[in-house]
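Descriptive analysis of the structure
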Amino acid sequence: MGEVGEFTPLGMRLDLGENPLPAYDFLRKEGPLIGNGGVVPIMVDYLATDRETISFVFRNPQVFSSAFNKSQLGNHRPLIPLEIDPPDHHRYRLLLDPFFSPNRLRALEPALRRQVNEFIDGFIHRGSAELLEEFFVPYPTQVFLTMYGLPLEDRARFLVWKDDIIRGGLADPEIAQRAARELYAYMEQVIVEREVLGDDLLSQLIAESRTGSGLSIEELQDITFLFILAGLDTVTTGLAHAFAYLARHPEHRHQIVADPTIVPSAVEELLRIGTPAPAASRVATADVEVAGITVRAGQSVFCHLPAANNDPVTCPGGELVDLTRNPNLHATFGLGVHRCLGSHLARMELRIVIEEFHRRIPDYELASDADLVRVPFFEGLERLPIVFPVPTAS
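Now for a look at the structure at hand. This one's a predicted model, so the numbers in the text were calculated from it and none came from an experiment. (Residues numbered from 1 in each chain as written. Predicted model: local features only at pLDDT ≥ 70, side-chain atom pairs only at ≥ 80, totals over all residues. Heavy atoms only, no water.)

1. Let's talk about the overall build of the protein
Under the convention used in this document: Helix and strand assignments follow DSSP, with helices taken as H or I runs no shorter than four residues and strands as E runs no shorter than two, numbered in order from the N terminus. Each radius of gyration is computed over the set of C-alpha atoms, and the globule rule expresses the reference value as 2.2 Å times the number of residues to the power 0.38. Whether two residues touch is decided by their heavy atoms; if any such pair falls within 4.5 Å, the residues are in contact.
On a plain count of helices and strands, the protein comes out with 16 helices and 13 strands. Here the protein has a C-alpha radius of gyration of 21 Å; the compact-globule value for 394 residues is 21 Å, and the two agree. In terms of overall dimensions, the protein has C-alpha extents of about 70 × 55 × 40 Å along its principal axes. Considering only residue pairs separated by 6 or more positions, the protein has 70% of its internal contacts joining residues 24 or more positions apart.

Right under this line is the structure:
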């Protein structure tokens, strides 16, 4: 049996305008599975640090469970399908996966592209923007409302709920619980009162539920809760990381402007280096050997996705940023049965923003007061101010 090393935090801070992944190489050097001596600021027993080990944990849900309740987020029940193990998990994915397929999502693209340009219209003639406040924070919420057929006027309410649930609960659990109660009540009223069903996602899920073969009201609420938590903040963070890097690296920005066909591969590389959700934890349901170490039943494994995304075995040259990298086997969306349900939607959101922004604002740079330095695992930026030449009228 192998010995478990422990690693304590280095107190390092990362510049998110650069590729932060090489900073995590020290973890893999300690071994594929190491004891958490305070490397991450949550209560877990082990860190998985390489692609092979993380893949083993993710692809064996029968011994590494996702079904543990994150009650600090205010949710009443487990989040569907994230905190549901097989075989029940399979039923939910069977119902939901078709709605998030690339073919189904393609119908949303014209509306989302119009919305992106409306955001850009708000600041393009000013020559400056605070991209988070003016664009990257409200945009994913607007996408969710569009998909669900909810009024865009409710965007501010959803942003408050999202922030209170994700961040407010860290200071006071009652803040998250109150926001969760309001969100549950809002969605229950919408579901019960929606009589005219359209072609939006919520209407289609409601229609199936009324046949008796779909989801219950409670399940629809739980799915919606997850969509808001997993789909809004992560896209905001992904966009912030991508544009922070591109603002700092004009050579890569110019690649996109010169050849927009590389945007899909650029999205993959920017997601690899700017992992929006840096980890996922699993709990062992039985004693199991992982990388020569026995993980006991009830112990938790924290899968460190940024470290895996720079694993030289599956990503040779990963310390370099290559916007045309192919193949790009990053683990940003997870692996196995719990691979992110909304991965295709997130890709589409990032692709449309990068395409439209660089079509209209090809040259930009960080404002002098931009601060891109953050402590690992609290990697979301607070501000992303940029400046750019005001386009001349054509």
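2. Focus: the pairing of strand 7 (residues 279-284)
This is how it is decided: We treat two strands as partners when DSSP finds at least two bridges between them.
When strand 5 (residues 64-65) meets strand 7, the two strands line up antiparallel, connected through two bridges. Pairing of phenylalanine 64 across the sheet is with alanine 284, part of strand 7.

3. Looking at unusual backbone geometry
As a reminder of what qualifies: The rule is simple: take the accessible area with a 1.4 Å probe, protein chains only, and divide by the maximum for that residue type; under 20% is buried, over 50% is exposed, in between is partly exposed.
Following isoleucine 80, the chain continues into proline 81 via a peptide bond in cis, with omega recorded as -5°. Note that proline 81 resides in the loop between strand 5 and helix 3 (88-96). The omega torsion of the bond from proline 86 to proline 87 falls at 5°, within 30 degrees of zero and hence cis. At alanine 291, a position not held by glycine, the phi torsion is positive, near 50°. Looking at the secondary structure, you find alanine 291 in the loop between strand 8 (288-290) and strand 9 (293-295). Residue class for alanine 291 comes out partly exposed when judged on its relative accessible area of 42%.

4. Considerations on the side chain of histidine 330
Considering the arrangement of structural elements, one finds histidine 330 in the loop between helix 15 (305-309) and helix 16 (343-360). Exposure remark for histidine 330: the relative accessible area of 11% places this residue in the buried category. Apart from residues no more than four positions distant in its own chain, histidine 330 is found in contact with Arg51, Glu268, Arg272, Asn309 and Arg347.

5. Describing the pattern of salt bridges
Our working definition: What makes a salt bridge here is a side-chain nitrogen of Lys or Arg within 4 Å of a carboxyl oxygen of Asp or Glu, nothing more.
Summed over all chains, the structure comprises 26 salt bridges. Across the pair arginine 248 and aspartate 15 runs a salt bridge whose closest N-O atoms are separated by 2.9 Å. Of this pair, arginine 248 sits in helix 12 (residues 233-248) while aspartate 15 sits in strand 2 (residues 14-15); the two residues are 233 residues apart in sequence, bridging distant segments of the chain. A residue is classified by how much of its surface remains accessible, and arginine 248, at 30% relative accessible area, is partly exposed. Put simply, Glu109, Arg113, Arg351, Glu355, Glu356 and Arg359 are held in one network by salt bridges that share partners.

6. Regarding the packing of helix 14 (residues 263-273) against helix 16
Which entries qualify depends on this criterion: Think of each axis as a best-fit line through the C-alpha atoms, taken over the contacting stretch in the case of a helix, with angles from 0 to 180 degrees between the N-to-C directions. Crossing handedness: left-handed means the near helix sits turned counterclockwise from the far one by under a right angle, and right-handed means the same turn made clockwise. Any residue that is not Ala, Val, Leu, Ile, Met, Phe, Trp, Tyr, Cys, Pro, Asp, Glu, Lys or Arg is counted as polar, Gly included; the first ten are nonpolar and the last four charged.
Put simply, helix 14 and helix 16 touch, their axes get as near as 9 Å, and they point 115° apart. For the element pair helix 14 and helix 16, the recorded crossing hand is right-handed. Here helix 14 contributes Val263, Pro264, Val267, Glu268, Leu270 and Leu271 to the contact with helix 16, which in turn contributes Arg347, Leu350, Arg351, Ile354 and Glu355. Of the residues belonging to the contact of helix 14 with helix 16, the class tally is seven nonpolar, no polar and four charged.

7. Structural notes on the environment of leucine 131
As for its placement among the helices and strands, leucine 131 is situated in helix 6 (residues 131-136). Distance in space between the C-alpha atoms of leucine 131 and aspartate 121 is 13 Å, their sequence separation being ten residues. Not counting residues within four places of it along the chain, the set of residues in contact with leucine 131 comprises Phe123, Phe136, Phe243, Phe357, Leu384 and Ile386.

8. Examining the sheet that holds strand 11 (residues 365-366)
Spatially, three strands are ordered 6-13-11 in an open sheet, and the strand pairing comes out antiparallel. Of all strands in the sheet, those with a lone pairing partner are strand 6 (128-130) and strand 11, marking the two edges. Here two bridges tie strand 11 to strand 13 (residues 385-387), and the two strands are oriented antiparallel to one another. The residue of strand 13 that forms the bridge with glutamate 365 is valine 387.

9. Describing the environment of arginine 210
Test applied: Any pair of nitrogen or oxygen atoms within 3.5 Å is treated as a polar contact; in protein, a donor-acceptor pairing is required on top of that, and neighbouring residues in sequence qualify only through side-chain atoms on both sides.
Secondary-structure assignment places arginine 210 in helix 10 (residues 201-210). Between the C-alpha atom of arginine 210 and that of alanine 67, which follows or precedes it by 143 residues, the distance is 27 Å. Of note is the side chain of arginine 210, whose polar atom sits 2.8 Å from the backbone oxygen of arginine 194.

The analysis is restricted to geometry; functional conclusions fall outside its scope.
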